[in-house]
Amino acid sequence: KVEGAISLDQIDTLAKRSMPLCMSNLHSHLRSAHHLKHGGRRQYGLFLKDIGLSMEDSLNFWRAEFTQMMTLDKFSKSYAYSIRHNYGKEGRRVESRAFSCVRIITANAPGPADHHGCPFRHFSPEKLAHTLTAKGVGGAGLKEILNLIAGHHYQIACTRYFELTHPDAETVQPIEHPNAFFTQSEAYWRA
Ligand code: SF4
């Protein structure tokens, strides 16, 4: 994606419409608590970069939330660096890439105060069912997804979630990366 392909005024709509559950969960928590711990900042920050949010917009986005909970000085000293670092503007000056599903599912499991990870892997079945119901997935579709996660088929469950929330999508590519979920969803809604 080209840097600047998406802008800040679109982000709430995009979170609702086209982000996979792992990212819409981080977005909601950031909007309501005005903070995310390190794992969440990294998972969501890199995703936003790779869907095309510019570094400037990214800094504005995180600053606007975090400064509801801390001073601007604290944000600038403790958090702005890592955002610039994601874009390859600090440290070794290497741009980092957004995490794949396998990485999110298998590495760095979230602790109780964390919001990163994969909801299909890391939420309890009750919490996942609640989240899916809020997204309009119920009945047989919900049952099917809960059966898939009981069998540890997390990415297949996510692909099924995509199909259920994008009715009549022509061919759905199996979900292997949150950014591919997003791109596939945007292509659907813009068609
Ligand atoms: Fe995100 Fe991948 Fe989990 Fe789907 S399977 S919620 S895209 S980590």
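Residues numbered from 1 in each chain as written. Predicted model: local features only at pLDDT ≥ 70, side-chain atom pairs only at ≥ 80, totals over all residues. Heavy atoms only, no water.

J.: Before we move on, could you go through the overall build of the protein and cite the residues and values that matter?
T.: Counting its regular elements, the protein contains twelve helices and zero strands. Beginning at the N terminus, the succession of helices and strands in the protein can be written as α-α-α-α-α-α-α-α-α-α-α-α. Taken over C-alpha atoms, the radius of gyration comes to 17 Å for the protein, in line with the 16 Å a tight globule of 191 residues would show. The buried share among the 191 residues of the protein stands at 45%. For the protein, long-range pairs separated by at least 24 residues make up 60% of all intrachain contacts whose partners lie at least 6 apart in sequence. (Helix = DSSP H or I, 4+ residues; strand = E, 2+ residues; numbered from the N terminus. Rg over C-alpha atoms; globule rule 2.2 N^0.38 Å. Buried < 20%, exposed > 50% of the residue type's maximum accessible area, 1.4 Å probe, protein only. Contact = heavy atoms within 4.5 Å.)

J.: Please set out the site of the ligand residue by residue, giving values where relevant.
T.: Taken together, Pro20, Cys22, Cys101, Ile104, Cys118, Pro119, Phe120, Cys158, Ile175 and Pro178 make up the full set of residues near the ligand. Taken together, the residues that form the shell around the ligand break down as ten nonpolar, no polar and no charged. (Near = heavy atom within 4 Å. Nonpolar A, V, L, I, M, F, W, Y, C, P; charged D, E, K, R; others polar.)

J.: A description of unusual backbone geometry should follow, citing residues and the corresponding values.
T.: Excluding glycine, residues mostly have negative phi values, and the peptide bonds linking residues are mostly trans. In this structure, His34 is a non-glycine residue whose phi angle is positive, near 60°. With respect to the element layout, His34 can be found in the loop between helix H2 (21-33) and helix H3 (38-51). Look at His34 and you get buried, because its relative accessible area is 17%. For Asn108, which is not a glycine, the phi torsion comes out positive at approximately 50°. Considering the arrangement of structural elements, one finds Asn108 in the loop between helix H7 (101-106) and helix H8 (119-122). On the accessibility criterion, Asn108 (54% relative accessible area) is exposed.

J.: Break down the pattern of salt bridges for me, citing the residues and quoting the values.
T.: If you walk through the whole model with that rule in mind, you get eleven salt bridges. Among the salt bridges present, the one from Arg17 reaches Glu186, with a minimum N-O distance of 2.9 Å. Taken together, the residues Arg17 in helix H1 (residues 11-17) and Glu186 in helix H12 (residues 178-190) connect sequence positions 169 residues apart. Here Glu186 makes a salt bridge to Arg190, at a shortest N to O gap of 2.8 Å. Taken together, the positions of Glu186 and Arg190, both in helix H12 and four residues apart, correspond to about one turn of that helix. The class for Glu186 is buried, based on a relative accessible area of 6%. Residue Arg190 is classed as exposed on the basis of its relative accessible area of 57%. Salt bridges sharing partners connect three or more residues here, namely Lys49, Asp50, Glu95 and Arg97. (Salt bridge = Lys/Arg side-chain N within 4 Å of Asp/Glu carboxyl O.)

J.: Can you break down the side chain of Ser58 residue by residue, with the values?
T.: Tracing the backbone through its elements, the reader meets Ser58 in helix H4 (residues 55-66). Given a relative accessible area of 1%, Ser58 falls into the buried group. Excluding residues within four positions of it along the chain, Ser58 makes contact with Leu53, Ile83 and Tyr87.

J.: I'd like a description of the packing of aromatic side chains, backed by residues and values.
T.: The full count for this structure, using the stated rule, is 13 aromatic pairs. Relative to Phe182, the ring of Phe47 lies with its centre 5.9 Å away and its plane at 90°, an arrangement referred to as edge-to-face. In this pair, Phe47 sits in helix H3 while Phe182 sits in helix H12, placing the two residues 135 residues apart along the sequence. On the basis of relative accessibility, which here comes to 0%, the residue Phe47 falls in the buried class. Accessibility expressed as a relative area gives 1% for Phe182, which makes it buried. Pairing Phe75 with Tyr79 gives two aromatic rings, centres 6.3 Å apart and planes at 20°, and the pair type is stacked. There is no split in this pair, since Phe75 and Tyr79 are both buried. Over the face of the ring belonging to Phe123 we find Lys127, whose NZ or CZ atom lies 4.1 Å from the ring centre. (Phe/Tyr/Trp six-rings, centres within 6.5 Å; stacked < 30°, edge-to-face > 60°. Lys NZ or Arg CZ within 6 Å of the ring centre and 35° of its normal.)

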